[in-house]
Amino acid sequence: MRQGRPEVTSLPTLRERPLDPPDELARLRDREPIARMAYPDGHLGWLVTSHAAARAVLADRRFSSRQDLMRASLPHLVAQEPRTPADPGNFIRLDPPDHTRYRQLLAGQFTMRRMRDLRPRVEHIVEGLLDEMERGPAEVDLVRCFALPVASMVICELLGAPYSELDEFQHHTAVLLTLSSTIEQIEESAISVDEFVRRLVRRKRQQPTEDLLGRLTTEHDLTDDELANIAFLLLAAGHETTANMLSLGTYTLLCHPEQLERLRAEPALIDDAVEELLRYLTIFHIGPSRTALADVELDGHLIKAGDTVTLSLSAADRDPDRFVDPDRFDVTRAAGGHLAFGHGVHQCLGQQLARMQMRVGYAALFRRFPTLRLAVDPAEVPMRADMTIYGLRGLPVSW
Ligand code: HEM
């Protein structure tokens, strides 16, 4: 078994090409898929880049998501001291059985039936935004006019939150996910989002409504703290992610006109196209991370209890041992089995909602604007690599 010196001094994030993960990750995956990595606070942990090993870590209960065990918290990759337990309800940072209790409560709100019921609302939101685009000048920033509002209005719809507070809330979630945000900025934004969700919970207590948060309030014995933190988690996890898939996915299709043609010729391919976009783009490109609870042997490496393990899902989803010709974007590929939504007990709770928004969103966009094209050179589209979620700062399009 090898222990050795760090093979990587920090997580590679610099991309040579906007739609491909950094070349350094591919080199590592070929050479040392479970590599020793130094974290900015000086401790040595691990970076996993192969599909098989990343999936194995995510499936293994000996790798913990607990906040109070984390030595390196993402996105900042530095230890937060003192290490505190997750706030009640913030179940992404809990392990079973604490995690299981919340997850089960929430799973009941994300059933196929609930998602089916939500679909007409999603269609209405999408069509309404496209109507507005049609009425204005034939050149817009698709992030601002479409991708961000679709994702945030759908989350508001799900939770039963007013659209009127969206702008403020969007600003704060962006701060929380930006690597270069200062600790002060993060604290300020966390407080603002916290106040927003607490106001929401108070309103639901006073006047219960038929939405996720309303139902959680009346059907379950949860404290205000728990409800507020659950709402915070759903807002933070569900809105930047989907917005970036909508905009980056559109950019990807526009940069691969033959694939877009294929999809137009056969609209039934939309489900496969969405799955392939999820795999190809794997926008959760920094982390997730886990902490080993025990000494674990993984492919000849001894991962010691307490070690931090960071997974590169984007490298894993381009692993040639798992996907044939993985760097080719192909809407007809059977891309199932990708790790864009993670794997194991923490696998994305909102994945069906995200898929539905993408299916409805791309299909309606290209139907309503058949001549949609980039308004600038593809190389001039501003990418956003400095956040845990990869994406676009803007997407100038015309038709
Ligand atoms: C967890 C990705 C959309 C809610 C995760 C994880 C990933 C992910 C990779 C696993 C994190 C880990 O293992 O530590 C994505 C992507 C999305 C998306 C790529 C969009 C395309 C959504 C939406 C919602 C949501 C729309 C909710 C409305 C959650 C929650 C968790 C989670 C609550 C934590 C689950 C748990 O800990 O049990 N997501 N997500 N996500 N996601 Fe998503």
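Please refer to the structure higher up on the page.
None of the values given here were measured: they were computed from a predicted structure.

A. Spotlight on the site of the ligand. The environment of the ligand is formed by 29 residues, the closest being His 99, Arg 103, Arg 290, His 346 and Cys 348. One of the side-chain nitrogen or oxygen atoms of Arg 290 is found 2.7 Å away from an oxygen atom of the ligand. Those elements that provide at least two residues to the shell around the ligand are helix H3 (98–107), helix H9 (224–255) and helix H13 (351–368). Broken down by element, the shell around the ligand gets its largest block of residues, seven residues, from H9. Of the residues in the shell around the ligand, the class split is 20 nonpolar, seven polar and two charged.

B. Spotlight on the sheet that holds strand S12 (residues 396–398). The three strands are arranged S4-S12-S9 in an open sheet whose pairing can be described as antiparallel. Where the open sheet ends on each side, the last strands, each with one partner, are strand S4 (139–141) and strand S9 (373–374). Both S9 and S12 contribute to a ladder of two bridges, which runs antiparallel. Within the sheet, the bridge partner assigned to Leu 374 lies in S12 and is Val 397.

C. Up close: the pattern of salt bridges. One pass over the full model with this rule turns up 30 salt bridges. We note a salt bridge from Glu 123 to Arg 119, for which the minimum N-O separation is 3.0 Å. Note that Glu 123 and Arg 119 are positioned in helix H4 (residues 112–135) at a spacing of four residues, about one turn of the helix. In the salt-bridge network here, residues are joined through shared partners; they are Arg 17, Asp 20, Asp 23, Arg 318 and Asp 327.

D. Looking closely at the pairing of strand S5 (residues 289–292). Along S5, one buried face is formed by Ser 289 and Thr 291 and the opposite face, lined by Arg 290 and Ala 292, is buried too. Inspection of the sheet shows strand S3 (residues 63–64) paired to S5 by two bridges, in the antiparallel sense. What sits directly across from Ser 64, in S5, is Thr 291. For S5 and strand S8 (residues 308–311), the ladder comprises three bridges, and the chain directions are antiparallel. When the sheet's bridge partners are listed, Arg 290 is paired in S8 with Val 309.

E. Highlighting the pairing of strand S2 (residues 44–48). Buried residues dominate S2, accounting for four of its five residues. Note that strand S1 (residues 34–38) and S2 share five bridges and pair antiparallel. Within S2, the position partnered with Ile 34 by the bridge is Val 48. In this antiparallel pair of consecutive strands, S1 and S2, the connection spans five residues, and Gly 42 shows a positive phi of 100°. Bridge analysis of S2 against S8 gives three bridges, and the strand direction is parallel. Of the residues in S8, the one forming a bridge with Leu 47 is Thr 310.

F. Molecular detail of the coordination of the iron atom of the ligand. Coordination of the iron atom of the ligand by the protein comes from a single atom, Cys 348 (SG), at 2.3 Å. Position of Cys 348 among the secondary structure elements: in the loop between helix H12 (313–316) and H13.

How each quantity is defined
- Every chain is numbered on its own, with residues counted from 1 as its sequence reads.
- Per-residue local features are limited, in this predicted model, to residues with pLDDT of at least 70; the limit for side-chain atom pairs, both in listing and counting, is 80 or more; totals at the level of whole chains, interfaces and linings are taken over all residues.
- Excluded from the side-chain calculation are hydrogens and water; included are all heavy atoms of the structure.
- What makes a residue near a molecule or strand is one non-hydrogen atom of that residue sitting within 4 Å of it.
- Side-chain atoms alone can form a polar contact between residues adjacent in sequence; in general such a contact is a pair of N or O atoms within 3.5 Å, and within protein one must be able to donate a hydrogen while the other accepts it.
- Numbered from the N terminus, helices here are DSSP runs of H or I no shorter than four residues, and strands are runs of E no shorter than two.
- We call Asp, Glu, Lys and Arg charged. Ala, Val, Leu, Ile, Met, Phe, Trp, Tyr, Cys and Pro are nonpolar, and the rest, Gly among them, are polar.
- Two strands pair if DSSP finds at least two bridges between them.
- Here, a salt bridge means any side-chain nitrogen of Lys or Arg that lies within 4 Å of a carboxyl oxygen of Asp or Glu.
- Exposure categories follow from relative accessible area, calculated using a 1.4 Å probe and restricted to protein chains: below 20% of the type maximum is buried, above 50% is exposed, and the middle band is partly exposed.
- Coordination here is defined by N, O and S atoms within 2.8 Å of the metal (3.2 Å for Na, K and Ca), and since water is not considered, a site can look incomplete.

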